[in-house]
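Here's the letter readout for the chains.
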Amino acid sequence: MSSARSLTSAPELAEELRERFVAIVGARHAITTPEDMAPYLEEPRGLFHGATPLVLMPASTDEVAAILALAHAESIAVVPQGGNTGLVGGQVPGLGGAQGRRPEVLVSLKRMRAVRSIDTDGNTMTVEAGLTLAEAQAAAETVERLFPLSLASEGSCTIGGNLATNAGGVAVLAYGAMRALTLGLEVVLADGRIWDGLRALPKDNTGLDLRDLFIGSEGTLGIITAAVLKLFPRPVEQATAIVGVRDLDCMARLFARARRVGGPMLTAFEIMPRFGLALVLRHAKGARDPLQAPAPWYALIELSSPLADEGMGEKLERLLGEALDEDEIADAAIARSLTARAAFWALRERLSEVQKREGASIKNDVSVPIAHIPEFIARADARMAELVPGCRPLPFGHFGDGNIHYNISQPPDMEPAAFLAKWDRLTGAVNEIVLSLGGSVSAEHGIGRLKRDLLARVKSEVEIDLMRQIKRTLDPKNILNPGKMLDV
Ligand code: FAD
Ligand code: ZN
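Engineer: Looking at this model, I keep getting lost on the overall build of the protein chain. Mind explaining?
Structural biologist: The helix and strand tally for the protein chain stands at 17 helices and 21 strands. Here the C-alpha radius of gyration of the protein chain, 23 Å, is about what a compact globule of 488 residues would show, namely 23 Å. Its C-alpha atoms give the protein chain principal-axis dimensions of about 75 × 55 × 45 Å. Taking the intrachain contacts of the protein chain between residues at least 6 apart in sequence as the baseline, contacts between residues at least 24 apart amount to 75%. For the protein chain, the exposed surface amounts to about 20,400 Å²; the carbon and sulfur share of it is 52%.

Okay, here's the thing in structure tokens:
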């Protein structure tokens, strides 16, 4: 990815057609001026700049259905967007598919944010796609339940976007990704028909599972308008520690121990190198080093229980005591208050933002089997040093899921653009190592536009062929998010 991909202007939409689209949502909820559209056309990393003739903000499933029925009849492309926090360009309109340039109307789900119902017997809630993840978590809290999905972008990302990307985050270890947290969906199909699959049944073996087809489909198969989500008992006891670790072999042993001691109560095991913590300490206001002496690696470990008096604190102390005795860890700090816990988590959550302050960075969201993480990082570090001497790898993330965000900061004395010109070369080298270890080139952010051409290279012909056939069946005119995930 050598430079930002952009379009300066959007193909026009015939005036009469534009008016028919606008009439569906009402003029107040249609955006037509470049200034007002701007926030919908830029994405968090600034890699893609979009263009659209029209942003529509429907308020109901029926309005979404009317938009798609019209788009289908007129062969107008539609790009769904939630919180616009996606990291692979999937939500950016106007990047074009195989059929060349045509108008791509952006449909923002932001106004569809109702909590339709909460069932405390069945432990489910039915919410609309535009509800933010933080709002969904808060809705669960009102009935003393937990909706466990947790991402650094949770204040803005939406349930629809979480579903469309099968989002992961820091709680996958204990609860699974978005797919595992969903029972039913409501989806508007490409031709405007509504599929009401809002079933709240843990057991339902009646034919093919359409729900799982739409989850992770990145807006290419239908627009998700609502979902039935699973709720869990809320943790009442938590114990959190930051631990200094000498190397990744010790980290792997520590993780195995944490699993043994914590069992299902191990709810987070996140890692970062000293370089990551150093950046947080340098750039994030109020951040404090949790340990007295620097360590090469850090783990943030959390144990949680929905039951009181389960002794999470003692369990964590026992885990860390054993690890110290076995020389797996150098030092550890346990959070003694909610404020201390929040401060530990902030060190982890601010990693993405502080990297921006160190110039350009090249990002890889990859996964490998847990046992191969040490080898993956050692080989990737060595390769990066060969390719760009002085570059600064910052591998961090969800050790317990085998999911490493292998980000690389530019050498301090290099021009950012010159470093970014190496994007394809560096990510290509990282991916080669990932694939040789049986890993995935996109662990949680999806394919979107950024990794579309890579997908065709890493999946078998059979798999790509099946994906294309499904796309053609559900979206025969290729109007839904064209050019994303697959170039159909
Ligand atoms: P958008 O960005 O608006 O859209 C993403 C994709 O979903 C696009 O392809 C879009 O077309 C499609 N889409 C959106 N809404 C719908 C809908 N209703 N129906 C059909 N298709 C739809 N992701 C993780 O998985 N784990 C992380 O830990 C994580 N951390 C992040 C941290 C930061 C700081 C940031 C900026 C992003 C992070 N992300 C993470 C990525 C991002 O937040 C997730 O992909 C999120 O699920 C996207 O939700 P959104 O509502 O912003 O979707
Ligand atoms: Zn992540």
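Having seen it, we continue.
Engineer: Explanation requested: the coordination of the zinc ion (ligand 2) in the structure shown.
Structural biologist: Of the protein atoms, only His 398 (NE2), His 405 (NE2) and Glu 444 (OE) coordinate the zinc ion (ligand 2), at distances of 1.8 to 2.2 Å. Within one chain, the residues serving as donors to the zinc ion (ligand 2) are arranged as H-x6-H-x38-E. Exposure class is identical for His 398 and His 405. Each is buried.

Engineer: Could you clarify how one ought to interpret the packing of helix α1 (residues 15–25) against helix α3 (residues 61–74) in this entry?
Structural biologist: Helix-helix packing is characterised by the crossing angle of the two axes and by the distance between the axes. The contact between α1 and α3 brings their axes to 9 Å, and the two run at 165 degrees. Accordingly, the angle class assigned to the pair α1 and α3 is roughly antiparallel. Remark: the crossing between α1 and α3 carries right-handed chirality. Facing Leu 17, Arg 20, Phe 21, Ile 24 and Val 25 of α1, the residues of α3 in contact are Glu 63, Ala 66, Ile 67, Leu 70, Ala 71 and Glu 74. By residue class, the composition of the contact of α1 with α3 is eight nonpolar, no polar and three charged.

Engineer: Explain the sheet that holds strand β12 (residues 222–230) to me, please; I cannot follow it from the model alone.
Structural biologist: What links the strands of a sheet is backbone hydrogen bonding, and the strands pair in either a parallel or an antiparallel sense. Read from one edge to the other, the open sheet built from five strands follows the order β7-β8-β12-β10-β11, with strand pairing classed as antiparallel. The two strands at the open ends of the sheet, each matched to only one other strand, are β7 (115–119) and β11 (194–197). With strand direction ignored, the average angle separating the axes of adjacent strands in the sheet is 15 degrees. The pairing of strand β10 (residues 182–189) with β12 spans seven bridges and is classified as antiparallel. Its bridge partner lying in β12, Val 187 is registered against Ile 224. Across the face of the sheet, α3 comes into contact with β7, β10, β11 and β12 while running at roughly 45 degrees to β10.

Engineer: It is not clear to me how the sheet that holds strand β4 (residues 55–56) should be interpreted in this structure. Could you clarify?
Structural biologist: Read from one edge of the open sheet, four strands run β2-β4-β6-β5, paired in mixed fashion. Each having just a single partner strand, β2 (30–31) and β5 (77–81) make up the two edges of the open sheet. Sheet topology places β2 next to β4; two bridges connect them, and they run antiparallel. Within β4, the residue paired with Ile 31 across the bridge is Val 55.

Engineer: Quick question: what am I supposed to make of the environment of Gly 448 here?
Structural biologist: Mapped onto the elements of the fold, Gly 448 is located in the loop between α15 (423–436) and α16 (452–458). The class for Gly 448 is buried, based on a relative accessible area of 0%. Distance from Gly 448 to Pro 264, taken between C-alpha atoms, is 33 Å for residues 184 residues apart in sequence. Excluding anything up to four places from it in sequence, Gly 448 contacts Val 88, Gly 90, Glu 218, Lys 484 and Met 485.

Engineer: How should the packing of aromatic side chains be read in this particular structure?
Structural biologist: Here the distance between the centres and the angle between the planes together describe a pair of aromatic rings. Tallied over the entire structure, the rule returns six aromatic pairs. Ring centres of Phe 255 and Phe 269 lie 5.0 Å apart, and the angle between their planes is 75 degrees; this geometry places the pair in the edge-to-face category. Here Phe 269 lies in strand β15 (residues 266–273) and Phe 255 lies in helix α8 (residues 248–262), a separation of 14 residues in the sequence. Assessed through its relative accessible area of 4%, Phe 255 is described here as buried. Aromatic side chains Phe 255 and Phe 399 sit 5.7 Å apart centroid to centroid with 65 degrees between the ring planes, which places their arrangement in the edge-to-face category. Of this pair, Phe 255 sits in helix α8 while Phe 399 sits in the loop between β20 (392–398) and β21 (403–409); the two residues are 144 residues apart in sequence, bridging distant segments of the chain. One aromatic cluster is present, formed by Phe 255, Phe 269 and Phe 399 through successive ring pairs.

Engineer: Can you walk me through the environment of Ile 271 in this structure?
Structural biologist: Residue placement: Ile 271 occurs in strand β15. Residue contacts for Ile 271: discarding those within four places in its chain leaves Leu 248, Met 251, Trp 297, Tyr 298, Ala 299, Phe 396, Gly 397, Phe 399 and Ile 404.

Engineer: Got a minute to help me understand a nonpolar patch on the surface in this structure?
Structural biologist: Taken together, the side chains of Leu 208, Leu 210, Leu 213 and Ile 470 make up a nonpolar region of the molecular surface, amounting to roughly 360 Å² of accessible area. Tracing the backbone shows Leu 210 in helix α7 (residues 210–214). What makes Leu 210 partly exposed here is its relative accessible area of 36%.

Engineer: What am I meant to see in the environment of Phe 147 here?
Structural biologist: As for its placement among the helices and strands, Phe 147 is situated in the loop between β9 (145–146) and α5 (159–164). Sequence separation of Phe 147 and Pro 233 is 86 residues, and the distance between their C-alpha atoms is 8.8 Å. Once residues within four sequence positions are removed from consideration, Phe 147 is found in contact with Met 125, Leu 133, Ala 136, Gln 137, Ala 140, Ile 159, Met 178, Leu 181, Leu 229, Lys 230 and Leu 231.

Engineer: Looking at this structure, I do not really get the pattern of salt bridges. What am I missing?
Structural biologist: One pass over the full model with this rule turns up 32 salt bridges. Where Arg 116 meets Glu 186, a salt bridge forms, and the shortest distance between an N and an O atom there is 3.1 Å. Of this pair, Arg 116 sits in strand β7 while Glu 186 sits in strand β10, placing them 70 residues apart in sequence. Residue classification places Arg 116 among the partly exposed residues on the basis of a relative accessible area of 35%. Two residues, Arg 274 and Asp 289, come together in a salt bridge whose shortest N-O distance is 3.1 Å. Linking Arg 274 in helix α9 (residues 274–283) with Asp 289 in the loop between α9 and β16 (297–305), this pair joins segments that are 15 residues apart in sequence. Take Arg 274: its relative accessible area is 23%, and that puts it in the partly exposed class. Owing to a relative accessible area of 28%, Asp 289 belongs among the partly exposed residues under this scheme.

About the criteria used
Residues numbered from 1 in each chain as written. Chains lettered and ligands numbered in written order. Predicted model: local features only at pLDDT ≥ 70, side-chain atom pairs only at ≥ 80, totals over all residues. Heavy atoms only, no water. Helix = DSSP H or I, 4+ residues; strand = E, 2+ residues; numbered from the N terminus. Rg over C-alpha atoms; globule rule 2.2 N^0.38 Å. Contact = heavy atoms within 4.5 Å. Areas by Shrake-Rupley, 256 points an atom, 1.4 Å probe, with all protein chains shown as cover. Donors = N, O, S within 2.8 Å, 3.2 Å for Na, K, Ca; no water. Buried < 20%, exposed > 50% of the residue type's maximum accessible area, 1.4 Å probe, protein only. Axes fitted to C-alpha atoms, helices over the stretch in contact; angles between N-to-C directions. Parallel < 35°, antiparallel > 145°, perpendicular 65-115°, else oblique. Left-handed = near helix turned anticlockwise from the far one by under 90°. Nonpolar A, V, L, I, M, F, W, Y, C, P; charged D, E, K, R; others polar. Pairing = 2+ DSSP bridges. Phe/Tyr/Trp six-rings, centres within 6.5 Å; stacked < 30°, edge-to-face > 60°. Patch = residues over 30% accessible without salt bridge, like charges linked within 9 Å, V, L, I, M, F, W, Y side chains within 5 Å. Salt bridge = Lys/Arg side-chain N within 4 Å of Asp/Glu carboxyl O.

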